[in-house]
Amino acid sequence: MKLIVQKFGGSSVANADRIRNVARIVTDTYQKGANVVVVVSAQGDTTDELIEKAHEIDPNPSKREMDMLLSTGEQISIALLAMAISKMGFPVISLTGRQAGFFTDSNHSRARIKKVDTERVEKELDQRKIVVVAGFQGMNRYDDITTLGRGGSDTSAVALAAELKADLCQIYTDVDGIYTADPRLVKSAKKLEEISFDEMLELASCGAQVLHNRSVEMAKKYNVNLEVLSSLEDKPGTKVKEVTKMEKLLIKGVAKDDDVVRISMIGLPDRPGTAFKIFSLLAARKINVDIILQSVGRDGTKDISFTVPEDSCDAALAVLEEAKDQVSDFTVDVDRDVTKVSIVGSGMQSNPGVASKMFEALYEADINIETISTSEIKISVLIRKDQGVKAMNAISEAFIK
Ligand code: ADP
Ligand code: ASP
Ligand code: MG
């Protein structure tokens with residue numbers, strides 16, 4: 001018998017009508033003879049509202065308690081969806097992350113899945129029940145609830161699909177597929193019929209939140225048959241796969257990441273070991289550093305700047321204070337007003353003009369580039385935050401015809 005994992009995001013389960021709509025999609029699939037596992041997110045803006053509630057009490061709450069709080073959002077959704085499916089006359093059971101066997105590490109608010117013990121899910125499927133699982137959550141080895149990071153329900157769905165060797169993993173959302181850029185921000189964005197795991201992984205890591213980046217990583221590793229489609233319109237979505245057809249498009253997508261803070265260290269000693277000392281201290285604290293830029297040395301000093309996500313900024317600054325003792329005194333500057341805009345596409349490897357075309361588009365839109373970073377299939381620039389959407393549109397118009 002076929003096994004299909006279907007995941008529905010927050011807007012797809014936002015209210016009673018939407019939940020009934022999801023119940024119809026799920027039961028249609030079930031009636032066609034497939035076994036169905038459903039993964040759901042918290043309704044609408046529930047997760048954001050819960051974060052706000054927490055901050056009313058403490059702007060810096062314990063991460064363990066935060067996970068305890070946020071996991072309740074998904075628990076509401078599974079119960080309501082199971083009720084809707086049951087009301088339609090189908091056998092169904094809802095399971096929390098823990099009941100569905102999600103074991104994670106203890107990195108609260110950003111936990112990684114270590115294994116999924118699917119015994120319970122399989123037992124319920126054997127009885128031909130529709131199994132509704134809470135996304136985004138798991139349990140660590142101390143029996144505490146963890147969450148997988150914002151957008152993590154996609155990863156719950158792909159992990160289940162991989163472990164259950166599902167025939168298909170469908171990510172239902174509020175757009176009808178993956179576009180060359182966020183269609184809500186960029187008018188010229190085009191829908192893609194398919195995209196490779198590598199390209200999608202870069203796009204997701206560069207801020208395209210349509211798929212959680214770890215979900216793509218996992219889908220690639222276990223070769224999960226993955227597709228993104230709309231829960232509101234019945235039409236084909238976008239397939240994410242290992243190898244895709246040759247495309248005319250020079251780039252596959254444009255993405256923007258506003259969750260970027262640039263930290264600059266000014267007046268560092270220009271001698272071997274400086275970067276090593278600082279970045280090894282940052283690494284020891286598990287601070288994820290992204291773009292690094294070093295100036296040319298002059299008068300025995302140099303400047304280095306790097307970017308981190310907003311929630312790592314305070315920790316990074318604390319590390320730099322510590323580093324001053326080990327390296328020598330230097331000045332630190334923090335800039336929260338930047339955004340990172342990236343283009344992604346495996347086609348750029350064999351087309352030398354891609355970078356200059358991107359820079360030309362930004363120049364014509366009168367946007368100043370502050371930092372550039374490149375990899376095999378990606379070019380990123382840092383620019384002023386308020387120019388992010390304008391930059392995406394300018395780049396999209398230059399590339400997407
Ligand atoms: P869900 O709640 O279903 O998980 P998300 O808000 O996490 O939905 O992801 C869907 C959103 O991702 C879309 O509404 C769209 O605004 C945004 N998005 C960003 N980049 C892209 C892209 N390249 N293609 C499609 N959607 C994108
Ligand atoms: N509810 C969580 C969030 O808003 C997880 C998810 O939607 O995937 O980030
Ligand atoms: Mg999402």
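Criteria and cut-off values
- Residues numbered from 1 in each chain as written.
- Chains lettered and ligands numbered in written order.
- Predicted model: local features only at pLDDT ≥ 70, side-chain atom pairs only at ≥ 80, totals over all residues.
- Heavy atoms only, no water.
- Helix = DSSP H or I, 4+ residues; strand = E, 2+ residues; numbered from the N terminus.
- Rg over C-alpha atoms; globule rule 2.2 N^0.38 Å.
- Buried < 20%, exposed > 50% of the residue type's maximum accessible area, 1.4 Å probe, protein only.
- Areas by Shrake-Rupley, 256 points an atom, 1.4 Å probe, with all protein chains shown as cover.
- Lys, Arg positive; Asp, Glu negative; His and termini not counted.
- Charge placed at Lys NZ, Arg CZ, Asp CG, Glu CD.
- Pairing = 2+ DSSP bridges.
- Axes fitted to C-alpha atoms, helices over the stretch in contact; angles between N-to-C directions.
- Contact = heavy atoms within 4.5 Å.
- Patch = residues over 30% accessible without salt bridge, like charges linked within 9 Å, V, L, I, M, F, W, Y side chains within 5 Å.
- Salt bridge = Lys/Arg side-chain N within 4 Å of Asp/Glu carboxyl O.
- Near = heavy atom within 4 Å.
- Polar contact = N/O pair within 3.5 Å; in protein donor to acceptor, adjacent residues only side chain to side chain.
- Nonpolar A, V, L, I, M, F, W, Y, C, P; charged D, E, K, R; others polar.
- Parallel < 35°, antiparallel > 145°, perpendicular 65-115°, else oblique.
- Left-handed = near helix turned anticlockwise from the far one by under 90°.
- Core = buried A, V, L, I, M, F, W, Y, C linked by side-chain atoms within 4.5 Å.
- Phe/Tyr/Trp six-rings, centres within 6.5 Å; stacked < 30°, edge-to-face > 60°.
- Lys NZ or Arg CZ within 6 Å of the ring centre and 35° of its normal.

Tell me about the overall build of the protein, and name the residues and values.
Counting its regular elements, the protein contains eleven helices and 20 strands. Taken over C-alpha atoms, the radius of gyration comes to 23 Å for the protein, in line with the 21 Å a tight globule of 401 residues would show. In terms of its C-alpha atoms, the protein occupies a principal-axis envelope of roughly 75 × 50 × 35 Å. Of all 401 residues assigned to the protein, the portion counted as buried reaches 52%. About 19000 Å² of surface is accessible on the protein, with carbon and sulfur atoms providing 48% of the total. Placing the 52 positive and 60 negative side-chain charges of the protein at their respective mean positions leaves the two points 4 Å apart.

Go over the sheet that holds strand E18 (residues 338-344) with me, naming the residues and quoting the values.
Taken in spatial order, the four strands line up as E13-E18-E20-E19 in an open sheet, and their pairing is antiparallel. Where the open sheet ends on each side, the last strands, each with one partner, are strand E13 (253-257) and strand E19 (371-375). Strand-to-strand twist across the sheet, computed as the mean angle between neighbouring axes with direction ignored, equals 20°. Here E13 pairs with E18 via five bridges, running antiparallel. Across the sheet, residue Val254 finds its bridge partner in E18, namely Ile343. Sheet strands touched by helix H6 (residues 197-205): E13, E18, E19 and strand E20 (378-384). Its angle to E13, the strand with the most contacts, is close to 30°.

So what's going on with a negative patch on the surface? Which residues, and what values?
A surface patch of like charges, here negative, comprises Asp117, Glu119, Glu122, Asp126 and Glu163. On the secondary structure map, Asp117 appears in the loop between strand E5 (113-116) and helix H4 (119-126). Look at Asp117 and you get partly exposed, because its relative accessible area is 34%.

Outline the site of ligand 1, listing residues and values.
The full set close to ligand 1 counts 16 residues, and Thr173, Asp174, Tyr179, Asp182 and Arg184 are the nearest of them. Arg184 is positioned with one of its side-chain polar atoms (N or O) 2.8 Å from an oxygen atom of ligand 1. Coverage of ligand 1 by the protein amounts to 87% of the 570 Å² it exposes when considered alone. Considered class by class, the residues forming the shell around ligand 1 number seven nonpolar, five polar and four charged.

If you had to explain unusual backbone geometry to someone new, which residues and values would you point to?
Positive phi, close to 60°, is recorded for Arg128, a residue that is not glycine. Along the chain, Arg128 falls in the loop between H4 and strand E6 (130-134). Of note in this structure, Ser328 is not a glycine but carries a positive phi near 155°. Residue position: Ser328 is located in the loop between helix H9 (313-326) and strand E17 (331-335).

Describe the packing of helix H1 (residues 16-31) against helix H3 (residues 63-87), listing the residues and the values that go with them.
Where H1 meets H3, the closest approach of the two axes is 9 Å, and the angle between their N-to-C directions is 60°. What the angle tells us is that H1 and H3 run oblique. Along this stretch, H1 crosses H3, giving a crossing that reads as right-handed. Side by side, H1 and H3 meet where Ile19, Val22, Ala23, Val26 and Thr27 of the first sit next to Leu80, Leu81, Ala84 and Ile85 of the second. Of the residues contributing to the contact of H1 with H3, the split by class is eight nonpolar, one polar and no charged.

Please provide a residue-by-residue account of the nonpolar core, values included.
Counting residues in each nonpolar core, the largest one holds 46 residues, and the members touching the most others are Val37, Cys169, Met200 and Leu211. The greatest single-element share of this core, amounting to six residues, is contributed by helix H5 (residues 153-163). The residues contacting Val37, other than those within four sequence positions of it, are Leu3, Ile4, Val5, Gln6, Val121, Leu125, Val131, Val133, Leu160 and Leu164. Grouped together as the second largest cluster of nonpolar side chains are 24 residues, Met358, Leu362, Ala365 and Ile379 included.

So what's going on with the packing of aromatic side chains? Residues and values would help.
Summed over all chains, the structure comprises three aromatic pairs. Ring centres of Phe8 and Tyr172 lie 4.7 Å apart, and the angle between their planes is 10°; on these two criteria the pair is classed as stacked. Residue Phe8 is located in strand E1 (residues 3-8), and its partner Tyr172 is located in strand E9 (residues 168-173); the two are separated by 164 residues in the primary sequence. For Phe8, a relative accessible area of 0% gives the class buried. With a relative accessible area of 8%, Tyr172 lands in the buried category. Judged by centre distance (5.5 Å) and plane angle (75°), the ring pair of Phe279 and Phe306 falls under edge-to-face. One end of the pair, Phe279, is in helix H8 (residues 274-284); the other, Phe306, is in strand E16 (residues 301-308), and 27 residues separate them in sequence. Of the two residues examined, Phe279 and Phe306, each falls in the buried class. The cationic tip of Lys115 hangs over the ring face of Phe103; the distance from NZ or CZ to the ring centre is 5.3 Å. Positioned above the aromatic ring of Phe399 is the side chain of Lys357, whose terminal nitrogen or guanidinium carbon lies 5.3 Å from the ring centre.

Describe the site of ligand 2, naming the residues involved and giving the relevant values.
Surrounding ligand 2, one finds Ser41, Ala42, Thr47, Glu74, Phe136, Arg150, Gly151, Gly152 and Ser153. Measuring from a nitrogen atom of ligand 2, one finds a side-chain N or O atom of Thr47 at 2.8 Å. Protein chains shield 86% of the accessible area of ligand 2, which is 260 Å² for the free molecule.

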